[in-house]
Structure formats: C-alpha cells, structure tokens
Amino acid sequence: MGISMFVCVLVGLVLYGTTTIINGVEGSHKVYKEYKSVPAVEVKQLHRTGFHFQPKKHWINDPNRPMYYNGIYHLFYQYNPKGAVWGNIVWAHSVSTDMINWKPLDPAIYPSKPFDRYGCWSGSATILPGNRPIILYTGIVDPNNTQVQNYAVPANYSDPYLQKWVKPDNNPLVFPGVGVNGTAFRDPTTAWWGPDGHWRIIVGSRRKHRGMAYLYRSRDFMSWTKAQHPLHSAKTGMWECPDFYPVSMDSENGLETSVMKGNIKHVLKVSLDLTRYEYYTVGTYFHEKDRYVPDNTSVDGLAGLRYDYGNFYASKTFFDASKNRRILWGWANESDTASEDVNKGWAGIQTIPRKVWLDKSGKQLLQWPIEELETLRGKNVHLNNQQLNLGDHVEIKGIAAAQADVEVSFSFASLDKAEPFDPSWADMDAQQLCSHMGSTVTGGLGPFGLLTLASANLEEYTPVFFRVFKAKDKHVVLMCSDATSSSLKKELYKPSFSGFVDVDLTDKKLSLRSLIDHSVVESFGPGGKTCITSRVYPTLAVLGDCHLFAFNNGTETITIEKLNAWSMNNPLMN
Ligand SMILES: *[C@@H]1O[C@H](CO)[C@@H](O)[C@H](O)[C@H]1NC(C)=O
Ligand SMILES: *[C@@H]1O[C@H](CO)[C@@H](O)[C@H](O)[C@H]1NC(C)=O
Ligand SMILES: *[C@@H]1O[C@H](CO)[C@@H](O)[C@H](O)[C@H]1NC(C)=O
Ligand SMILES: *[C@@H]1O[C@H](CO)[C@@H](O)[C@H](O)[C@H]1NC(C)=O
Ligand SMILES: *[C@@H]1O[C@H](CO)[C@@H](O)[C@H](O)[C@H]1NC(C)=O
Ligand SMILES: *[C@H]1O[C@@H](CO)[C@H](O)[C@@H](O)[C@@H]1NC(C)=O
C-alpha cells in the first residue's frame with residue numbers, strides 16, 4: 001500500500017495536496033508532506049464513529065492479518081503514529097474477545113531492520129501446525145521503493161495477547177526476482193497448504209497493464225520458489241491486497257484456507273489501485289495445476305463483482321475457527337479533505353466485520369455484520385404495515401438516529417410500475433445511473449428506502465434506496481447510497497454510490513439493513529447481496545439533531561412490512 005506516495009516523496013515530486021498520478025494511469029493516495037508528522041493537538045469528536053473500529057487519533061488504512069488465536073481476536077492495521085494523513089506507517093495492534101470491544105497494544109511491527117527500513121506494509125497471518133501464528137508482510141528495503149516479503153513470529157507464544165513480534169535475521173523470505181517489478185510487489189496472502197506438502201502464497205503485482213497474482217511455493221515456509229505461472233492475472237492494472245480462499249457451496253460456514261476438497265468454490269479478490277475499489281470473482285481452483293479460473297458468471301476487472309460499492313478498500317478475510325465462519329475486514333477512508341483530517345486529528349475507520357459466504361446461486365458472495373454487533377443494540381422502535389405513498393416520508397422516532405442499526409423489509413403489490421430500463425444504460429455503471437436518478441427523481445417502483453443522517457427539514461440527508469426497472473426479459477434492481485445531499489459543506493467528496501442487486505422479486509419484497517454511525521452509513525441490501533458504505537459529514541444532522549425517515553418517491557405504493565431500529569451503545573474502543 002501507499003507505494004505511489006513513496007515514489008513521489010522519494011523522487012522529490014512532493015505534491016502538496018494534489019492527486020498523484022503515476023504514469024498517468026494509476027490513481028493513488030495523496031501525499032501531504034507538511035502534515036504527515038504533525039500530531040493531533042485536539043481530537044474532534046463530532047464525526048467520530050461510536051461503534052466502528054478506530055484508534056484514539058491519527059491516520060489508519062489497511063486492516064492487516066486479522067486472526068483468531070487461543071480465544072483472542074487480533075487486528076493489526078496500517079497506522080501513522082505521528083499524524084492524521086498517510087505516512088510513518090507502523091503495524092498497530094488491538095485485541096478483542098468479540099471483535100466489537102477492542103483493547104489497544106503497542107505497535108507489533110515497525111521499520112527497524114535492513115529488510116524493512118523504508119516501510120512495513122500490508123500482509124497476512126497464517127496459523128502453522130501446532131497452533132503457531134506467523135505473519136508475512138511487505139518490507140521496503142531501499143529509497144527506490146524495492147519491495148520484499150518478510151516474516152515475523154510472536155516473541156512469546158504463551159503471552160495471550162502476542163504483544164511482541166520478532167523479525168528474524170533470515171529475512172527477507174521472498175525477493176522480487178527476475179521478471180518481477182520490484183516496486184509493484186506486495187501484500188502477501190495467508191498461506192494455504194496443498195496435498196503435495198507445499199505451502200502456497202500469492203503476492204500482488206503488475207506486469208505492464210496486467211494485474212498479477214504471483215504464486216510462490218514452499219515446503220518449510222522459509223524457502224519460497226516462484227511458480228512458472230501466476231495463479232491468475234487479468235488486464236486491470238496493479239493488483240493490491242489479493243485474497244484467495246475457499247467457500248462452501250452448501251453451507252454458510254466458512255472454510256479454513258487450505259480446504260480444497262468437497263463441494264466448494266474459490267474466491268479471488270483484488271484491490272485495484274486504478275480505481276481504488278475492490279473486485280472479486282467466484283471460480284474453481286485447479287490445485288494440481290495451481291490455476292484459478294473464474295466461473296463464466298464472474299468477470300475480472302471493472303465490470304466485476306464488488307464486496308462493497310462504496311468507500312471500502314484493502315480488505316482481508318480470515319477463517320474464525322471459534323465459530324466456523326469467514327470474516328471480512330475492510331478499510332473505509334474519509335471523504336473530506338486532508339486539512340479537515342488534520343483538523344479532526346483522525347482519519348480512517350474499519351468497517352464492521354462481516355461474515356461472508358457463498359450465495360445459493362453460487363454466483364456471488366453474501367455478507368452480513370457479525371452477530372456480536374447485536375450486543376450493542378439498545379433502545380428499540382418498530383413499525384409494521386405502514387404504507388408509503390408517492391412523496392411520503394415518515395419519521396422513525398425514539399432512537400438515537402446518529403448511532404443506530406436499522407432493519408427494514410419493504411413490500412409492494414405489483415411490479416407493473418417499474419420504469420423501463422433503457423438498453424443504452426447497459427453501458428453505464430450503477431453509480432452513473434444513481435447519479436442521474438437520485439431519490440428526488442420520481443419513479444414508478446421506487447425510489448424508496450431510508451433517509452439516514454437527516455436534518456429535521458431535510459437540508460441534509462443520505463438516502464439509501466432501491467429503484468426497480470423492467471428490462472427486456474428481467475427486472476433490474478438498483479441500490480443507491482447517495483452522499484450528494486449529505487452535507488451543506490461544499491468541499492467534500494459526495495458520490496452517488498450504487499450497485500445492482502441480483503435478487504428474485506417474485507415475493508415482491510426488498511429488505512435493507514443500515515448501520516448508521518455519525519460519519520458512516522454501511523448498508524446491506526437483501527440478505528447481504530449488495531453492500532454500500534458511504535462516509536458523510538453532516539453539519540445539521542448531528543448528534544441529537546439527527547433524524548431517520550423512511551420514504552417513497554415512486555408511484556407504486558410501498559409497504560413497510562416490518563421495521564426495527566435500535567440505538568447503538570458504545571463498545572470499548574481502543
Ligand atoms: C535507485 O535507483 C537509481 C536510479 O535507477 C540507481 O542509480 C540507484 O543505484 C538505486 N539505489 C538503490 C539503493 O538501489
Ligand atoms: C511469556 O508469557 C507468559 C504469559 O504471559 C509469561 O508467564 C512468561 O513469563 C513469558 N515468558 C517470557 C520469556 O517473557
Ligand atoms: C513497475 O511498477 C511501478 C509502480 O507501479 C511502475 O511505476 C513502473 O512503471 C513499473 N515498471 C514496469 C517496467 O512496468
Ligand atoms: C457456463 O459454465 C457452465 C458450467 O460451469 C455451463 O453449463 C454453461 O453452459 C456456461 N455458460 C456459458 C454462457 O458459457
Ligand atoms: C421526492 O421528490 C420530490 C420531488 O422531486 C422532492 O422534492 C423530494 O425531496 C423527494 N424526496 C426525497 C426523500 O428525496
Ligand atoms: C478515499 O477518498 C476519496 C476522496 O478523497 C478518494 O476519491 C478515494 O480514492 C479514496 N479511496 C481510497 C481507497 O484511497
């Protein structure tokens with residue numbers, strides 16, 4: 001991560017507050033040399049989240065090597081101990097027994113050795129036989145940004161928190177080698193073990209315009225050999241933070257990363273530096289040939305499936321053996337300016353950990369907030385059978401609307417009023433469509449949904465809604481989380497995030513869950529089929545002045561069959 005930033009600093013092209021573009025192709029972070037070592041004077045509370053993962057102050061990015069070990073969940077993450085913009089990155093470390101309440105520890109890894117002197121970037125944990133965790137991470141070895149893969153092990157396996165980590169002197173384990181671009185070679189995955197007695201990892205890279213998942217094998221975890229061919233590649237630009245894991249075709253349970261047999265498929269996820277979004281495919285892993293082939297229902301690249309259609313990047317999953325589930329963590333960056341971040345004294349959150357599993361169709365994943373989140377639910381209000389006619393918006397009163405969990409199921413009598421889906425829209429992505437047809441554009445079946453983080457008179461609101469279209473031989477469901485009207489503040493990134501929902505409408509229902517937390521709205525479309533995270537910064541719709549509504553701006557009447565909303569309590573947060 002952060003490679004382009006390094007390149008810029010080091011070649012002296014320090015850009016003050018302007019977007020850095022490498023080769024005119026790759027989008028990237030921004031470099032603020034004047035801010036990166038300016039500790040926060042004060043930590044502004046107004047938009048801080050109540051129940052999302054955050055340290056006390058300063059910048060965070062990628063979640064790293066989450067794992068479960070001897071009853072404790074560990075989360076490591078990229079952290080700037082000295083400021084609220086990217087820089088000075090170390091591996092911060094927190095522990096938890098439920099992934100909701102967190103206790104901070106000292107940083108686990110920081111630059112100190114020749115093999116990581118210029119940076120300690122993302123990586124993954126693997127639990128070796130004998131219950132011994134080991135971490136692989138990317139080290140930066142020179143001012144030219146050359147990347148290698150290193151390992152670290154706990155100093156004391158009996159320490160329940162694994163506070164100290166050792167980076168042995170036989171590092172690095174993996175050099176870029178011939179034919180590999182050494183400045184685009186990072187983010188090793190959790191290793192999996194094959195029946196041939198070899199461990200395997202992939203490392204993200206690029207070769208010209210191809211994203212590469214380079215495959216390495218090792219018998220002893222120390223000596224690694226690059227395979228002749230990558231596990232997979234595609235013409236998408238640089239692949240960061242790859243993740244590769246099996247999913248069951250007949251159960252919601254997660255699978256340990258080395259499982260290869262049974263009724264399973266595999267998932268390959270990559271973070272595209274080009275778009276700063278993440279994409280995944282569902283496919284088959286031919287382990288004898290060490291090739292991954294996406295199914296014909298899954299495409300690589302920009303038209304592909306995404307975990308989340310909003311602010312969500314550099315994610316990582318792990319297998320939680322205590323509950324037989326696979327858990328997904330992702331980073332949600334800020335949408336305000338760097339100077340605002342410096343002013344706030346903090347930047348970046350981790351999204352609520354999500355359980356991930358394969359949909360029955362076998363074509364996509366489903367995601368749902370971990371059940372432990374429900375322990376934070378406080379005051380509850382509910383509604384049943386409430387009708388919403390064209391233009392209606394009803395307030396959901398009685399909870400803390402700025403920090404809430406809302407579950408709602410909508411129904412409608414007929415699909416007849418669905419607007420026609422213009423074939424020319426097929427070339428548009430969902431986000432473009434949502435920006436043309438927002439919550440204020442009257443429709444037929446929709447737009448309907450929730451108005452989150454809303455001010456009393458709707459000067460500010462973040463609508464999360466559905467709109468149903470009728471295409472030639474099917475219905476097309478659009479889900480939007482639209483930041484356009486989220487804040488009266490001008491200098492903000494306010495995208496109309498959106499994704500399509502592949503859902504069967506024969507029961508004429510659509511459901512939605514939104515986790516609302518001051519400056520974030522994390523939403524889960526029907527059963528977790530489409531997820532969207534928006535970061536927003538209201539000026540009026542804050543704290544006690546924040547409201548929640550359900551609305552309909554379509555001609556078809558919508559019924560709120562059932563709505564439950566809870567105020568959310570604050571967990572222990574670092
Ligand atoms: C960095 O790159 C420059 C220019 O290619 C080269 O002269 C120099 O030797 C490199 N430095 C290191 C430490 O590799
Ligand atoms: C390792 O951790 C255990 C449990 O905290 C402690 O009792 C022991 O003294 C530690 N060993 C060393 C060498 O620090
Ligand atoms: C190697 O990767 C860097 C960083 O992405 C890029 O700027 C450079 O053009 C790449 N070199 C080649 C030969 O592709
Ligand atoms: C997609 O693959 C399945 C088998 O996995 C096959 O039955 C189907 O015909 C393929 N569809 C296309 C369009 O190639
Ligand atoms: C519904 O549409 C009307 C007319 O465009 C607009 O004034 C109103 O704000 C919309 N309601 C919502 C909740 O967006
Ligand atoms: C998050 O911030 C927005 C606004 O500055 C950028 O447009 C995104 O590219 C950025 N996302 C990531 C993953 O860095």
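Residues numbered from 1 in each chain as written. Chains lettered and ligands numbered in written order. Predicted model: local features only at pLDDT ≥ 70, side-chain atom pairs only at ≥ 80, totals over all residues. Heavy atoms only, no water.

If you check an unreviewed UniProt entry, the protein chain appears there as Beta-fructofuranosidase, insoluble isoenzyme 1 like from Actinidia chinensis var. chinensis. Per its UniProt entry, the protein chain bears the Sequence similarities (unreviewed entry) comment "Belongs to the glycosyl hydrolase 32 family." (UniProt positions renumbered as here; feature names shortened; annotations may be inferred.)

> Got a minute to help me understand the UniProt feature "domain: Glycosyl hydrolase family 32 C-terminal" (unreviewed entry) in the protein chain in this structure?
The UniProt entry lists residues 372-567 under the feature "domain: Glycosyl hydrolase family 32 C-terminal" (unreviewed entry), expressed in the numbering used here. Helix makes up 4% of residues 372-567 and strand 48%, whereas the separation of the span's terminal C-alpha atoms amounts to 15 Å. (Helix = DSSP H or I, 4+ residues; strand = E, 2+ residues; numbered from the N terminus.)

> Honestly, the site of ligand 6 in this entry has me stumped. Any pointers?
All residues in the neighbourhood of ligand 6 are listed as Arg 276, Tyr 313, Trp 331, Asn 333, Glu 334 and Tyr 493. A distance of 3.2 Å separates an oxygen atom of ligand 6 from a polar atom in the side chain of Arg 276. Between an oxygen atom of ligand 6 and a main-chain N or O atom of Glu 334, the distance comes to 3.2 Å. Look at ligand 6: alone it shows 360 Å² of surface, and the protein chains cover 74% of it. (Near = heavy atom within 4 Å. Polar contact = N/O pair within 3.5 Å; in protein donor to acceptor, adjacent residues only side chain to side chain. Areas by Shrake-Rupley, 256 points an atom, 1.4 Å probe, with all protein chains shown as cover.)

> What am I meant to see in the packing of aromatic side chains here?
Describing an aromatic ring pair means giving the distance of the ring centres and the angle of the ring planes. A complete count under the given rule lists 31 aromatic pairs for this structure. Joined through ring pairs, the aromatic side chains of Phe 53, Tyr 77, Tyr 79, Trp 102 and Trp 329 make up one cluster. Taking NZ or CZ as reference, Arg 65 lies 4.5 Å from the ring centre of Phe 76, over its face. Its guanidinium or amino end placed over the ring of Trp 91, Arg 65 lies 3.7 Å from that ring's centre, counting from NZ or CZ. (Phe/Tyr/Trp six-rings, centres within 6.5 Å; stacked < 30°, edge-to-face > 60°. Lys NZ or Arg CZ within 6 Å of the ring centre and 35° of its normal.)

> Would you explain the domain arrangement of the protein chain in this entry?
Many structure descriptions define interface size as the accessible area lost when the parts assemble. Examined at the domain level, the protein chain breaks down into domain 1 (3-369) and domain 2 (375-568). A separation of 31 Å is found between the C-alpha centroids of domain 1 and domain 2. Between domain 1 and domain 2, the residue contacts involve 35 residues of the former and 37 residues of the latter. Sorting the residues of domain 1 by area buried against domain 2 places His 47, Phe 51 and Tyr 309 first, and these three jointly supply 23% of that buried surface. Applying the counting criterion to the domain 1 and domain 2 interface returns five salt bridges. Ionic pairing is found between Asp 359 and Lys 529, a salt bridge with its closest N-O pair at 3.6 Å. Seen at the junction of domain 1 and domain 2, the total is 20 residue pairs in polar contact (both at pLDDT 80 or more). (Domains from an automatic or database assignment. Contact = heavy atoms within 4.5 Å. Buried area = accessible area lost by both parts, 1.4 Å probe. Salt bridge = Lys/Arg side-chain N within 4 Å of Asp/Glu carboxyl O.)

> Help me understand the sheet that holds strand β37 (residues 558-568) in this model?
Within a sheet, adjacent strands bond to each other through the backbone by hydrogen bonds, running parallel or antiparallel. One open sheet holds the six strands; their spatial order is β25-β37-β27-β33-β34-β35, and the pairing between them is antiparallel. Each of the sheet's edge strands pairs with one partner strand only, and the pair in question is β25 (377-388) and β35 (531-535). Each neighbouring strand pair of the sheet contributes to a mean axis angle of 15°, computed without reference to strand direction. Pairing of strand β27 (residues 403-412) with strand β33 (residues 509-517) involves nine bridges; the strand directions are antiparallel. From the neighbouring strand, Ala 404 faces β33, where its bridge partner is Ile 516. (Pairing = 2+ DSSP bridges. Axes fitted to C-alpha atoms, helices over the stretch in contact; angles between N-to-C directions.)

> What exactly am I supposed to notice about the pattern of salt bridges here?
Where charged atoms from two side chains of opposite charge come close, those side chains can pair. What the rule picks out here adds up to 29 salt bridges. Residues joined in a network through salt bridges with shared partners are Asp 320, Lys 323, Arg 325, Glu 371 and Glu 372.

> Explain unusual backbone geometry to me, please; I cannot follow it from the model alone.
Residues other than glycine predominantly adopt negative phi, and peptide bonds predominantly adopt the trans conformation. The linkage connecting Asn 171 with the following residue, Pro 172, adopts the cis geometry, with an omega of -10°. Considering the arrangement of structural elements, one finds Pro 172 in the loop between β8 (165-166) and β9 (185-186). A cis amide bond, omega 5°, links Gly 446 with the succeeding residue Pro 447. Inspection of the secondary structure puts Pro 447 in strand β29 (residues 445-454). Not every positive phi belongs to a glycine, and Asn 70 is a case in point at roughly 45°. With respect to the secondary-structure elements, Asn 70 resides in the loop between β1 (58-69) and β2 (72-79). Under the relative-accessibility criterion, Asn 70 is labelled exposed at 51%. In this structure, Leu 543 takes a positive phi of about 45° despite not being glycine. (Buried < 20%, exposed > 50% of the residue type's maximum accessible area, 1.4 Å probe, protein only.)

> I keep staring at the sheet that holds strand β4 (residues 103-109) and nothing clicks. Help me out?
As summarised here, the arrangement of the five strands in space is β4-β3-β2-β1-β21, forming an open sheet in which the pairing is mixed. The open sheet terminates on both sides in strands that have one partner only, identified here as β4 and β21 (346-347). Here four bridges tie strand β3 (residues 90-96) to β4, and the two strands are oriented antiparallel to one another. Within the sheet, the bridge partner assigned to Trp 91 lies in β4 and is Ile 109.

> Would you take a moment to explain the state of the cysteines for this structure?
Two cysteines form a disulfide when their sulfur atoms are joined by a covalent bond. Tallied over the full model, the rule gives one disulfide. Bridging Cys 434 to Cys 480, the disulfide has an S-S length of 2.4 Å. With Cys 434 in helix α3 (residues 430-436) and Cys 480 in strand β31 (residues 475-482), the pair connects residues that are 46 residues apart, well separated along the chain. Residue Cys 434 shares its accessibility class with Cys 480, and that shared class is buried. No disulfide involves Cys 241; its sulfur sits 15 Å from the nearest other cysteine sulfur, which is in Cys 120. The structure places no disulfide on Cys 531, whose sulfur is separated from the nearest cysteine sulfur, that of Cys 480, by 15 Å. (Disulfide = S-S within 2.5 Å.)

> Looking at this model, I keep getting lost on the side chain of Ser 523. Mind explaining?
Among the secondary structure elements, Ser 523 is positioned in strand β34 (residues 520-524). Assessed through its relative accessible area of 0%, Ser 523 is described here as buried. At 2.8 Å, the side chain of Ser 523 and the side chain of Ser 514 are in polar contact. Setting aside its immediate chain neighbours within four residues, Ser 523 contacts Val 464, Met 479, Leu 512, Arg 513, Ser 514, Thr 530, Cys 531 and Ile 532.

> Can you walk me through the side chain of Ser 233 in this structure?
Structurally, the position occupied by Ser 233 is in strand β14 (residues 232-234). Within the structure, the side chain of Ser 233 is placed 2.9 Å from the side chain of Arg 210, a separation counted as a polar contact. Discounting chain neighbours no more than four positions away, the residues touching Ser 233 are Arg 210, Gly 211, Met 212 and Trp 239.

> What am I meant to see in the pairing of strand β16 (residues 264-272) here?
Note on strand geometry: in a regular strand, side chains alternate between the two faces of the sheet. Of all the nine residues making up β16, nine are buried; the element is thus mostly covered by neighbouring parts of the structure. By the alternation rule, side chains of β16 split into Ile 264, His 266, Leu 268, Val 270 and Leu 272 and Lys 265, Val 267, Lys 269 and Ser 271, which are all buried. Across eight bridges, the pairing between strand β15 (residues 239-248) and β16 is antiparallel. In the strand pairing of β16, Pro 246 is matched with His 266. In this structure, the hairpin formed by β16 and strand β17 (residues 277-286) is closed by a connection of four residues, where Arg 276 is found at a positive phi of approximately 65°.

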